[in-house]
Amino acid sequence: METNYIQISYGQLALATLFIVINIGLSLGLQLGLEQSLGIASLRMVVQLLLVGYILQWVFTLSNPVLIILLALSMTVIAGVSSVNRTRRRFTSIYWNNFISLLTGSFLVTGIVVSGILRVQPWYEPQYLIPLLGMVLGNALTGTSLSLDRFMEDLTNRRFEIEALLTLGATRWEAAHQTIKEALRTGMIPTINSMMVMGLVSLPGMMTGQILAGASPNDAIRYQIVIIFAQASGTAIATIGVVILAFLALFNRNHQFTHLLSKLG
């Protein structure tokens, strides 16, 4: 089948590794100590992406809704674990809270885009569902990890102040609402900042990929606008969800701060 884009061979892919070799050389020369991290990250990225490519080819061929939903759930589980692993503190239900928040935000927004805006038939068409879900999940993962880390660090730093407010009769919401607001701002600001300069400073990856694949720039831009709005909404829903669930886990109904936060490392 004839394609209207330049296909990349494995030899050309190997040439691209020279960029990482340059980075590793700079790290060695400047004694930054990043060469091992760069090597491991590069190897993991290549293996993961090649593996995903083969899996997606298989899934696209089958077009089985049960299999596609299982793949989507697996992506959400991995995102939830990755989000928690980026935070420095833990509490009992943190993994479950992250999974529920990411699942709600990403599935709701992706479902609306696929069924309500793009009107894909059938709705589980993996060509649309899986890439869209992946992009929404990626942004939501960053938002939840940043907001959760900020929330728990602020609670720890302000612990005595918060406990004093609770002792003086403040409700749990009154004692923690400022910390909640700052955590939500931290989680959502990166998405807002990227939207501010999009098109002027940076060209989004999806739009660039579509143009390289031969799509009309105007069509690619319309797709990208839909995706950016979906990412912003999914990040907001997931971020609010994870912070509120953490708040409910760390403050009981008697307006007491109940959990000590363990710190890694």
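Structural notes, computed from the coordinates. (Residues numbered from 1 in each chain as written. Predicted model: local features only at pLDDT ≥ 70, side-chain atom pairs only at ≥ 80, totals over all residues. Heavy atoms only, no water.)

Compared with the 30 Å implied by 1.5 Å per residue over 21 residues, the 30 Å span of helix H4 (residues 65-85) between its first and last C-alpha is a close match. Of the residues making up H4, those classed as buried are Ile 68, Leu 71, Ala 72, Thr 76, Ala 79, Gly 80, Ser 83 and Val 84. Lining the buried residues of H4 we find helix H3 (35-62), strand E1 (89-90), helix H5 (94-117) and helix H6 (126-157). Two or three places before Val 66, at the start of H4, stands the capping residue Asn 64, its side-chain oxygen 2.9 Å from that residue's backbone nitrogen. (Helix = DSSP H or I, 4+ residues; strand = E, 2+ residues; numbered from the N terminus. Expected span 1.5 Å × (residues − 1). Buried < 20%, exposed > 50% of the residue type's maximum accessible area, 1.4 Å probe, protein only. Contact = heavy atoms within 4.5 Å. Polar contact = N/O pair within 3.5 Å; in protein donor to acceptor, adjacent residues only side chain to side chain.)

Here we come to unusual backbone geometry. Following Gln 121, the chain continues into Pro 122 via a peptide bond in cis, with omega recorded as -10°. Looking at the element boundaries, Pro 122 is found in the loop between H5 and H6. Positive phi outside glycine occurs at Arg 119, with the angle close to 55°. Among the secondary structure elements, Arg 119 is positioned in the loop between H5 and H6.

Our focus in this paragraph is the pattern of salt bridges. As enumerated under the stated definition, the model contains six salt bridges in all. Between Arg 88 and Asp 149 there is a salt bridge, with its nearest N and O atoms 2.8 Å apart. Of this pair, Arg 88 sits in the loop between H4 and E1 while Asp 149 sits in helix H6, and the two are 61 residues apart along the sequence. Arg 88 gets classed as partly exposed once you look at its relative accessible area, which sits at 40%. (Salt bridge = Lys/Arg side-chain N within 4 Å of Asp/Glu carboxyl O.)

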